[in-house]
Amino acid sequence: MLDIWVGDTNIAPYIWIFILIILFPCQLALCFKVRKIVIRLLPAVILFILTVSSLIAMATGTGWEVLLYLIFSVYLSIALLVCGIAWATWAIVRKIRKNRGLNKT
């Protein structure tokens, strides 16, 4: 349903690969390795800004471009959700470590 075709190539699988194989591990690594909260939140903030700007462009657009902005906002929302899942994973691991007395932070 959310396929994006460029010529004869469907780029939706490449977007999923980017989200699941690149974005999730990078966000998880930022959560575990970086001390500053601003840097850890940077991917989520960028994705949130892009999602909101895509929704604004969708609301002000006309014609077929509205559908394009809608698809972009859906994929950006999914990427933002994946960042949230990485944060939740980090929080669960941190709580488990804290309960076992292995917390290093």
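Going by the structure above, here's the rest.
Read on for a plain summary of the structure. (Residues numbered from 1 in each chain as written. Predicted model: local features only at pLDDT ≥ 70, side-chain atom pairs only at ≥ 80, totals over all residues. Heavy atoms only, no water.)

A rise of 1.5 Å per residue sets the reference length of helix α2 (residues 37-60), with its 24 residues, at 34 Å; its end C-alpha atoms lie 34 Å apart and thus fit the reference within 8%. At P43, α2 shows its maximal bend, which comes to roughly 40°. (Helix = DSSP H or I, 4+ residues; strand = E, 2+ residues; numbered from the N terminus. Expected span 1.5 Å × (residues − 1). Bend = angle between axes of the 7 residues up to and from the residue.)

Its place among the elements puts I49 in helix α2. Here the alpha-carbon distance between I49 and L23, two residues 26 residues apart in the chain, equals 16 Å.

A cluster of nonpolar side chains, I37, V38, I39, L41, V45, F48, I49, V52 and I56, forms an exposed patch at the surface whose accessible area comes to about 790 Å². Within the secondary structure, V52 sits in helix α2. Residue class for V52 comes out partly exposed when judged on its relative accessible area of 33%. (Patch = residues over 30% accessible without salt bridge, like charges linked within 9 Å, V, L, I, M, F, W, Y side chains within 5 Å. Areas by Shrake-Rupley, 256 points an atom, 1.4 Å probe, with all protein chains shown as cover. Salt bridge = Lys/Arg side-chain N within 4 Å of Asp/Glu carboxyl O. Buried < 20%, exposed > 50% of the residue type's maximum accessible area, 1.4 Å probe, protein only.)

To continue, consider a positive patch on the surface. A surface patch of like charges, here positive, comprises R35, R94, K95 and K98. Residue classification places R35 among the exposed residues on the basis of a relative accessible area of 64%. (Lys, Arg positive; Asp, Glu negative; His and termini not counted. Charge placed at Lys NZ, Arg CZ, Asp CG, Glu CD.)

Along the chain, the position of V6 falls in strand β1 (residues 5-6). For V6, a relative accessible area of 52% translates into the label exposed. Spatially, the C-alpha atom of V6 lies 33 Å from that of L30, the residues being 24 residues apart in sequence.

Turning to helix α3 (residues 65-100), a few remarks are in order. Its 36 residues place the ends of α3 53 Å apart at the C-alpha level, agreeing with the 52 Å of an ideal helix rising 1.5 Å per residue. Those residues of α3 that fall on the buried side of the exposure criterion are I71, S73, Y75, L76, A79, V82, C83, A86, W87 and W90. Residues of α3 that are buried make contact with α1 (12-33) and α2. Residue G101 follows α3 closely and has a positive phi angle near 80°. (Contact = heavy atoms within 4.5 Å.)

The final tally for this structure, using the stated rule, is two aromatic pairs. Consider the rings of W16 and Y75, whose centres lie 6.0 Å apart with planes at 75°: the pair is edge-to-face. Here W16, found in helix α1, pairs with Y75, found in helix α3; they are 59 residues apart in sequence, far enough to count as distant. Residue classification places W16 among the partly exposed positions, given a relative accessible area of 36%. Ring centres of W87 and W90 lie 5.5 Å apart, and the angle between their planes is 85°; this geometry places the pair in the edge-to-face category. Taken together, the residues W87 and W90, both in helix α3 and three residues apart, mark about one turn of the helix. Assessed through its relative accessible area of 14%, W90 is described here as buried. (Phe/Tyr/Trp six-rings, centres within 6.5 Å; stacked < 30°, edge-to-face > 60°.)

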